[in-house]
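What the coordinates show
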Amino acid sequence: MSPETTPTLPRRAFGQTGLTVSPIGLGAGQLGSIQLAEKDAERLLFTALDSGINLIDTARGYGLSEERIGRLLAGRRAEFVLSTKVGYDVPGLSDWTYDSVAGGIERALRMLRTDWLDIVHLHSCSLDILREGGVIRALEQARQAGKIRVAAYSGENEALEYAIHSGEFQSVQFSLNVCDQRCLDHTLPLASAHGLGVIAKRPLANSFWRYEERPVGNYAEPYWLRAAVMGLDPGEMGWQAFALRFSAFTPGVHSIIIGTTNPQHLQENLALLAQGPLPPAQYQAARQAFQRHDQGWVGQI
Ligand SMILES: NC(=O)c1ccc[n+]([C@@H]2O[C@H](COP(=O)([O-])OP(=O)(O)OC[C@H]3O[C@@H](n4cnc5c(N)ncnc54)[C@H](OP(=O)(O)O)[C@@H]3O)[C@@H](O)[C@H]2O)c1
C-alpha cells in the first residue's frame, strides 16, 4: 500500500490487554456463507484491512469463515488482531469440556494458519459450565503457552457477569445496540472497572429497519419488536448512522464488530464512524426510550 493511501482509522487501547483495536471491526460471521463467492470473500477481507480495520472476529461455528481468513490472510497476519471462539464441535470430543477448548484452540490455529490467536472467546457457554472451571483452565493454559494472547468470554446476562467477576478473562464480547441496552447499566461499567477489553456484537441491531413487516424467525426479530415499542426515531441522519454512532461511541466500548459481506457497506460504515458520537440529546433520548419501555429485555445471544 502506498503512503498516500495509508488509512487513518484511529486505534483504541483494548482494555489492559496491550492490544489496540480499530473502533469498527469486521464481524466475520457472514464471511462463512457458502453462498459468498471466494473472490467476494477475498475482496471483503482485503477491503477491511486496506481501510484500516484491524480486528476480525470469527468463530468455529461460522461455516467457512475461519478457513477463509486463514487461507486469504495468512500473508497479512501481522496486520490484524484475530478473534475467534471455541468450546464445541471438535471431532471426537464432548462440547464444553477442558478437552474441547484445548482441542478447539489447536484446530483454530491450524484453520487460521497462524502461530498465535490474539483473542479466544468461550462462545456463549452457560453459567454452570463456567462455574465448573475446566473450560477456563484450558484457556488459561493456552495463554501461558503463548498460543493465545487474551482469554475472553462471549455471552450475555448472568453468565457474562460471572465471567467478568471471575477475574479469569481479559476481555468480553456481548450484544450492545440501540435495542439491547441492559448491559449499559451494569455489565459494561463492570467490565470497564475490571480493565477488560470490550467488543460489542450485533452493534447495528441486525439492521432491523430493513424489514417492513415483523421478520418472524429472523435474527433481527427481537430488535424489530423492541424498536416498535420504544418508538425509536433516527431523525434526519437515518437508521444506519443512528445505530452505528450509538454503539461505536458508547463509553467503554472498544470496537463494534459489524457483520457484512458487502465491501461498499463496510466503507459506508467507516464514513459514518467519522461523523463521531451522536448529539448528546439524541443519545440520551435513545437511552431513555429503552429505560422507559424496558419489558425485562435481556441481552440477546
Ligand atoms: N458471540 C456471539 O455469539 C455472536 C453473536 C452474533 C454476532 N456475533 C458477531 O458479531 C458480528 C455482527 O453481528 P451481526 O452480523 O449479527 O449483526 P449487525 O452487525 O448488527 O448487523 C449486520 C447486518 O447489517 C447489515 N449492514 C451492515 N452494514 C450495512 C450498511 N452500511 N448498510 C446496510 N446494511 C448494512 C449487514 O448486511 P450486508 O451484508 O448486506 O451489509 C448485516 O445483515 C457477527 O458477524 C459476529 O462476528 C457474535
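These numbers were taken from a predicted model, which means no experiment stands behind them.

Within helix 6 (residues 157–166), the full set of buried residues consists of Ala159, Leu160, Ala163 and Ile164. Burial along helix 6 is one-sided: seen end-on, the buried residues are contained in an arc of 135°. In this structure, the buried residues of helix 6 make contact with helix 4 (127–132), strand 7 (148–154), strand 8 (171–175) and helix 8 (187–193). Gly167, located one to two residues past helix 6, shows a positive phi value of around 75°.

Attention now goes to the pairing of strand 5 (residues 81–86). Of all 6 residues in strand 5, 6 are buried, a share of seventy percent or more. What you see with strand 5 is no split at all: Val81, Ser83 and Lys85 on one side and Leu82, Thr84 and Val86 on the other are buried throughout. Pairing of strand 4 (residues 55–57) with strand 5, which is carried by 3 bridges, proceeds in the parallel orientation. Note that in strand 5 the partner of Asp57 across the bridge is Ser83. Crossover strand 4 to strand 5 through helix 2 (residues 65–73) is right-handed. Pairing of strand 5 with strand 6 (residues 117–123), which is carried by 4 bridges, proceeds in the parallel orientation. Paired with Thr84 across the two strands is Val120, which belongs to strand 6.

Once that is clear, we can look at the packing of helix 1 (residues 38–50) against helix 2. Two elements in contact, helix 1 and helix 2, have axes whose closest approach is 10 Å; the angle formed by their N-to-C orientations is 70°. Relative to helix 2, helix 1 is oriented roughly perpendicular. For the element pair helix 1 and helix 2, the recorded crossing hand is right-handed. Residue-level inspection shows Glu38, Ala41, Glu42, Leu45, Phe46 and Leu49 of helix 1 in contact with helix 2, the latter providing Arg68, Ile69, Arg71, Leu72 and Leu73.

Grouped together as the largest cluster of nonpolar side chains are 85 residues, with contacts concentrated most on Ile69, Ile105, Leu122 and Tyr153. Residues contacting Tyr153, with those up to four places away along its chain left out, are His121, Leu122, Ser124, Cys125, Leu130, Ala159, Leu160, Ala163, Phe169, Ser171, Val172 and Gln173. Judged by nonpolar contacts, the second largest core, of 10 residues, contains Ile119, Val150, Ile199 and Ile257.

With that out of the way, let us pick up the site of the ligand. In the vicinity of the ligand there are 30 residues, among which Ser154, Leu204, Asn206, Thr260 and His265 approach most closely. The contact in question runs from an oxygen atom of the ligand to an N or O atom on the backbone of Gly27, over 3.3 Å. In this structure, an oxygen atom belonging to the ligand sits 3.1 Å away from a side-chain N or O atom of Arg210. Here the ligand has 890 Å² of accessible area as a free molecule, and 88% of this is covered by the chains. Of the residues contributing to the shell around the ligand, the split by class is 9 nonpolar, 15 polar and 6 charged.

Among the secondary structure elements, Gln181 is positioned in the loop between strand 8 and helix 7 (182–185). From its side chain, Gln181 meets the backbone oxygen of Val178 in a polar contact 2.8 Å long. Not counting the four nearest positions on each side in its chain, Gln181 is found in contact with Met230, Phe246, Ala286, Arg287 and Phe290.

With that settled, the discussion passes to the confidence of the model for the protein chain. For the protein chain, per-residue confidence averages 97 on the pLDDT scale, and residues scoring 70 or more make up 98% of the total. Scored below 50 in pLDDT, residues 1–6 makes 4 contacts in the model with residues more than four places away or belonging to other chains.

Summarising the element assignment, Gln173 is placed in strand 8. In this structure the side chain of Gln173 is engaged in a polar contact, spanning 3.4 Å, whose partner is the side chain of His121. Setting aside residues no more than four positions away along its own chain, Gln173 makes contact with Asp57, Ser83, Lys85, His121, Tyr153, Ser154, Gly155, Ile199, Lys201 and Ile257.

With that settled, consider the environment of Leu9. With respect to the helices, strands and loops of the structure, Leu9 is situated in the segment before strand 1 (12–13). You can call Leu9 buried: its relative accessible area is 16%. It is 6.7 Å that separates the C-alpha atoms of Leu9 and Ser22, two residues lying 13 residues apart in sequence. Setting aside residues no more than four positions away along its own chain, Leu9 makes contact with Ser22, Pro23, Ser51, Gly52, Ile53, Leu270 and Leu273.

What counts as what
Residues numbered from 1 in each chain as written. Predicted model: local features only at pLDDT ≥ 70, side-chain atom pairs only at ≥ 80, totals over all residues. Heavy atoms only, no water. Buried < 20%, exposed > 50% of the residue type's maximum accessible area, 1.4 Å probe, protein only. Helix = DSSP H or I, 4+ residues; strand = E, 2+ residues; numbered from the N terminus. Arc of directions from axis to C-beta. Contact = heavy atoms within 4.5 Å. Pairing = 2+ DSSP bridges. Right-handed = clockwise from strand over helix to strand, strands pointing away. Axes fitted to C-alpha atoms, helices over the stretch in contact; angles between N-to-C directions. Parallel < 35°, antiparallel > 145°, perpendicular 65-115°, else oblique. Left-handed = near helix turned anticlockwise from the far one by under 90°. Core = buried A, V, L, I, M, F, W, Y, C linked by side-chain atoms within 4.5 Å. Near = heavy atom within 4 Å. Polar contact = N/O pair within 3.5 Å; in protein donor to acceptor, adjacent residues only side chain to side chain. Areas by Shrake-Rupley, 256 points an atom, 1.4 Å probe, with all protein chains shown as cover. Nonpolar A, V, L, I, M, F, W, Y, C, P; charged D, E, K, R; others polar. pLDDT = per-residue confidence, 0-100.

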